[in-house]
Amino acid sequence: MGFSLSVVFSVMRLRCCCQHRKVTNSYLKSMRCLHLESSRLITEQDFELTETALKRKHKGKLFCKSRRVESIYIVREEVANIVCDNIPADDATVLEINPGPGVLTRRLLDSGVKQLRAFESNDEFLPYMMKLQKEHPEKLTIIPHNLTALSSIAARDKVTRENNALSMFEGIRSQPWDSDPPLRIVGVITQRRYTFVRHLLFRISSMSGIYSLGRCELLLFLPHKEYWYMTAQPGQELSRYRAAAVHYNLFYDIEMLSKVPRAYFHPPLPKRPEKSIAKKRFIYRLSPCSKISPTTVTCTWLD
């Protein structure tokens, strides 16, 4: 009886060892495949930024023709040059919205920006950012959040008692209001994400949010509907001259820098009849008025 039990235990032990070896081999095989795939992504031609290469790799994100997209990406050098030509040489930290494949990111780093934070929440584009970070480890910081969702993140922090919104701006020194801007936000705002601009617009009146750090400057491509609010004047129709228009005119010095065809951005619009103004993207510099004199400067994100 003892002999038979020892044989059974030996067989069971052997089966367990074999099964463990199979699981281990399977795990190692999958890890090797993942490592090879990661190496392939980093070492081969996946960083080619031609339109053909981008369409092959990111057709769903950059070439889906939809009127309701969450993010619009800069993939042409002409647009990146317009942005960089309008950034002065100062010590302001640059925050880039949705860098995507990194066309503007690379141009910003090459143009002499001292500190750049790239806000990219899409895993599909993170390899581009990681490659640029290896080339510029002291300049580029990757933050896996969508900066245009700042108002939602701040509201969520209020419930969860976390500091995700505050951590995005950690390490940026505050500046006196009459000094140079401590940070500069660049990128493209979609119609669906106009709430990001409104969030900043109504924070400036209380000197809260990013404006607790100083006169933060915005350099943004804005949709045509926001252009209507920014240029609205008293006496015009009520649908345009509202609280947003008053805030724009009261708190910001607004400068239109250039008009860029909408076709220069990705994803493209569907081929439908559009008003001529909708076929353009306007890039604006929004600088807070220096005449505003805040009584207190506190880092308040939620009130």
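Residues numbered from 1 in each chain as written. Predicted model: local features only at pLDDT ≥ 70, side-chain atom pairs only at ≥ 80, totals over all residues. Heavy atoms only, no water.

Chemist: Even after reading the chapter, I still don't get the overall build of the protein, so can you show me in this structure?
Modeler: Along the backbone of the protein there are eleven helices and nine strands. Buried residues in the protein amount to 44% of all 303 residues. (Helix = DSSP H or I, 4+ residues; strand = E, 2+ residues; numbered from the N terminus. Buried < 20%, exposed > 50% of the residue type's maximum accessible area, 1.4 Å probe, protein only.)

Chemist: Just to check I follow, could you spell out helix 11 (residues 243-251) for this structure?
Modeler: Residues spaced three or four apart along an α-helix face the same direction, because each turn holds 3.6 residues. Within the sequence span of helix 11, burial applies to Ala244, Ala245, His247, Tyr248 and Phe251. Considered in projection along helix 11, the buried side chains sweep an arc of 165° and stay on one side of the axis. Next to the buried residues of helix 11 lie helix 9 (194-203), helix 10 (224-231), strand 7 (252-261) and strand 9 (280-288). (Arc of directions from axis to C-beta. Contact = heavy atoms within 4.5 Å.)

Chemist: Please explain the pattern of salt bridges as it appears in this structure.
Modeler: Once their charged atoms are close, side chains differing in charge can pair, the charge on each being opposite to the other. Per the stated rule, a full pass over the model turns up nine salt bridges. Between Asp90 and Arg184 there is a salt bridge, with its nearest N and O atoms 2.9 Å apart. With Asp90 in the loop between helix 4 (77-85) and strand 2 (93-97) and Arg184 in strand 5 (residues 183-188), the pair connects residues that are 94 residues apart, well separated along the chain. When sorted by exposure, Asp90 lands in the same class as Arg184, which is buried. A salt bridge links Arg184 to Glu217, with the shortest nitrogen-to-oxygen separation between them at 2.6 Å. One end of the pair, Arg184, is in strand 5; the other, Glu217, is in strand 6 (residues 217-222), with 33 residues separating them in the sequence. Owing to a relative accessible area of 1%, Arg184 belongs among the buried residues under this scheme. What makes Glu217 buried here is its relative accessible area of 9%. Residues joined by salt bridges that share partners form a network here, namely Asp90, Arg184, Glu217, Glu255 and Arg285. (Salt bridge = Lys/Arg side-chain N within 4 Å of Asp/Glu carboxyl O.)

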